[in-house]
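Fold and contact review
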Amino acid sequence: AAFAIMFPILLLFVLSGLTSCAAEDDNYVTILSIQPNSDNDQLWIQISTRINSAAFKLSDPRIVATPTTNSNNLQFTIASDNGDECVNTDQSLSNRCYQIFTIAGSNPANSNILCPIELNGAFRVDFALNTEPVSFLLDVAYGNEICDASLFEADIDNSFVPMMSLYKDAAFEHEMDIDDLYDPLDTCYVQIEIALPSLYDAIELENVWLCTTEPLLNDLFSAEAQGCFASTVDDDGPYWVIKNHGTEPSELSGTIIDEIYDAESEESIIRFSFTIPEVSRDMLHI
């Protein structure tokens, strides 16, 4: 089979350095995003967990320790976004269970999150894995000195202009045409060009996931969907193509090639590559 690639871009902007990954028995947890909520009275930290078991899932999350640097003196709670259920509906096919949780921080003494926001240190989150306790550490280095709502709500059509191109060569000289297809085990080379508003210095690539879905359910990136974490994603995925800014080994040989910022044009160019998997579908989603 040959493959076409659908590449709607889902932008999550995080200021300063955000590092997040912990492992126990090859189970993973990572931070997807950190941002104030729309009312600016809570700081939301969305995390994803992966359990390498078809039989188990996490429940009863509890925050045991919080970052030592906490400029707003936030108090944190945690809750599941999916009712302790796996977001991949039949995890037995992939022998994995993905779940999404949100850590919410607020200060009862303040009606709003105060600027600047600084959060630096580690969360320790305890879960029950069936009846056994399990703990994860999430290192966070987060700083926000702008505190502007536009930092987290990007009008893709007007404020940001992402141009996405696919290539078959590592020199990025031969761009794929719309009718070109990849074969299994080909290397896909991706270039993203983003024109930045003046308040940004640059954009870094933190995480990339790849997935497939039933052709009639291809709308993974609508406002209501969760991209490659949607429940309609096929159960052999999602594949974690770029993991935590490329600091850890990833699936499908995902590699960040370039992160270039042109101050004169205020444009960022990001390039990465990965190996096309052997899957039953003919359309891949990033």
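For clarity, every value in this text was computed on a predicted model and none was experimentally measured.

**As for the overall build of the protein**
- Looking only at helices and strands, the protein features zero helices and 17 strands.
- A total of about 14,000 Å² of accessible surface is found on the protein, and carbon and sulfur atoms cover 47% of it.

**Let's talk about the pattern of salt bridges**
- Using the criterion set out here, one finds four salt bridges in the structure.
- A salt bridge links D126 to R62, with the shortest nitrogen-to-oxygen separation between them at 3.6 Å. Within this pair, whereas D126 is found in strand 9 (residues 117-129), its partner R62 is found in strand 5 (residues 58-65), the two being separated by 64 residues in sequence.
- Of the charged contacts, one joins D126 and R124 as a salt bridge, the two residues approaching to 3.0 Å between their closest N and O atoms.

**Observations concerning the nonpolar core**
- Counting residues in hydrophobic clusters, the biggest one holds 27 residues, and the most contacted among them are I45, I47, L58, L119 and F123.
- When contributions to this core are tallied by element, the ones reaching two or more residues are strand 3 (27-36), strand 4 (43-51), strand 7 (75-80), strand 8 (97-106), strand 9 and strand 10 (132-144).
- Here this core gets six residues from one element, more than from any other, and that element is strand 9.
- In contact with L119, not counting residues within four places along its chain, are L43, I45, P67, T69, N70, F76, V140, A141 and Y142.
- Listed in part, the 22 residues of the second largest apolar core include Y182, I194, I242 and L252.

**Observations concerning the side chain of K243**
- Mapped onto the elements, K243 comes out in the loop between strand 14 (239-242) and strand 15 (255-262).
- Look at K243: it is buried, it has no salt bridge, and the nearest opposite charge is E248 at 4.9 Å.
- Of note is the side chain of K243, whose polar atom sits 3.4 Å from the backbone oxygen of P249.
- Excluding residues that lie within four positions of it along the chain, K243 makes contacts with Y28, E206, N207, E248, P249 and S250.

**Some thoughts on the packing of aromatic side chains**
- Counted according to the given criterion, the structure contains seven aromatic pairs.
- Residues F172 and Y189 carry aromatic rings whose centres are separated by 5.8 Å and whose planes lie at 80 degrees to one another, so their mutual orientation is edge-to-face. Within this pair, whereas F172 is found in the loop between strand 11 (161-167) and strand 12 (187-195), its partner Y189 is found in strand 12, the two being separated by 17 residues in sequence.
- On the accessibility criterion, F172 (9% relative accessible area) is buried.

**Here we look at unusual backbone geometry**
- Cis peptide bonds are those with omega within 30 degrees of zero, and the linkage from C115 to P116 qualifies with 5 degrees.
- Mapped onto the elements of the fold, P116 is located in the loop between strand 8 and strand 9.
- Phi is positive for N73, which is not a glycine, with a value near 50 degrees.
- You can see N73 is positioned in the loop between strand 6 (69-70) and strand 7.
- Owing to a relative accessible area of 55%, N73 belongs among the exposed residues under this scheme.
- The backbone of S253 shows a phi angle near 55 degrees, a positive value even though the residue is not glycine.

**Observations concerning the confidence of the model for the protein**
- This prediction gives the protein a mean pLDDT of 76; 74% of its residues lie at or above 70.
- The lowest-confidence element of the protein is strand 2 (residues 22-24), averaging 41 in pLDDT; the highest-confidence one is strand 6, averaging 92.
- Contacts from residues 7-25, a stretch scored under 50 in pLDDT, to residues over four places away or in other chains number 62 contacts.

**Overview of a negative patch on the surface**
- Negative charge collects at one region of the surface, where E175, D177, D179 and D180 lie side by side.
- For D180, a relative accessible area of 32% puts it in the partly exposed group.

**A few points about the side chain of N37**
- Assignment of secondary structure puts N37 in the loop between strand 3 and strand 4.
- Polar side-chain contacts of N37 include one of 2.7 Å to the side chain of D41.
- Excluding anything up to four places from it in sequence, N37 contacts Q42 and W44.

**A word on the environment of A195**
- Following the sequence through the fold, A195 ends up in strand 12.
- A C-alpha to C-alpha distance of 4.4 Å links A195 and E267, two positions 72 residues apart in sequence.

**With respect to the environment of A55**
- Secondary-structure assignment places A55 in the loop between strand 4 and strand 5.
- For A55, a relative accessible area of 59% gives the class exposed.
- Put simply, A55 and L129 are 74 residues apart on the chain and 10.0 Å apart in space, counted from C-alpha to C-alpha.

Criteria and cut-off values
Residues numbered from 1 in each chain as written. Predicted model: local features only at pLDDT ≥ 70, side-chain atom pairs only at ≥ 80, totals over all residues. Heavy atoms only, no water. Helix = DSSP H or I, 4+ residues; strand = E, 2+ residues; numbered from the N terminus. Areas by Shrake-Rupley, 256 points an atom, 1.4 Å probe, with all protein chains shown as cover. Salt bridge = Lys/Arg side-chain N within 4 Å of Asp/Glu carboxyl O. Core = buried A, V, L, I, M, F, W, Y, C linked by side-chain atoms within 4.5 Å. Buried < 20%, exposed > 50% of the residue type's maximum accessible area, 1.4 Å probe, protein only. Contact = heavy atoms within 4.5 Å. Lys, Arg positive; Asp, Glu negative; His and termini not counted. Polar contact = N/O pair within 3.5 Å; in protein donor to acceptor, adjacent residues only side chain to side chain. Phe/Tyr/Trp six-rings, centres within 6.5 Å; stacked < 30°, edge-to-face > 60°. pLDDT = per-residue confidence, 0-100. Patch = residues over 30% accessible without salt bridge, like charges linked within 9 Å, V, L, I, M, F, W, Y side chains within 5 Å. Charge placed at Lys NZ, Arg CZ, Asp CG, Glu CD.

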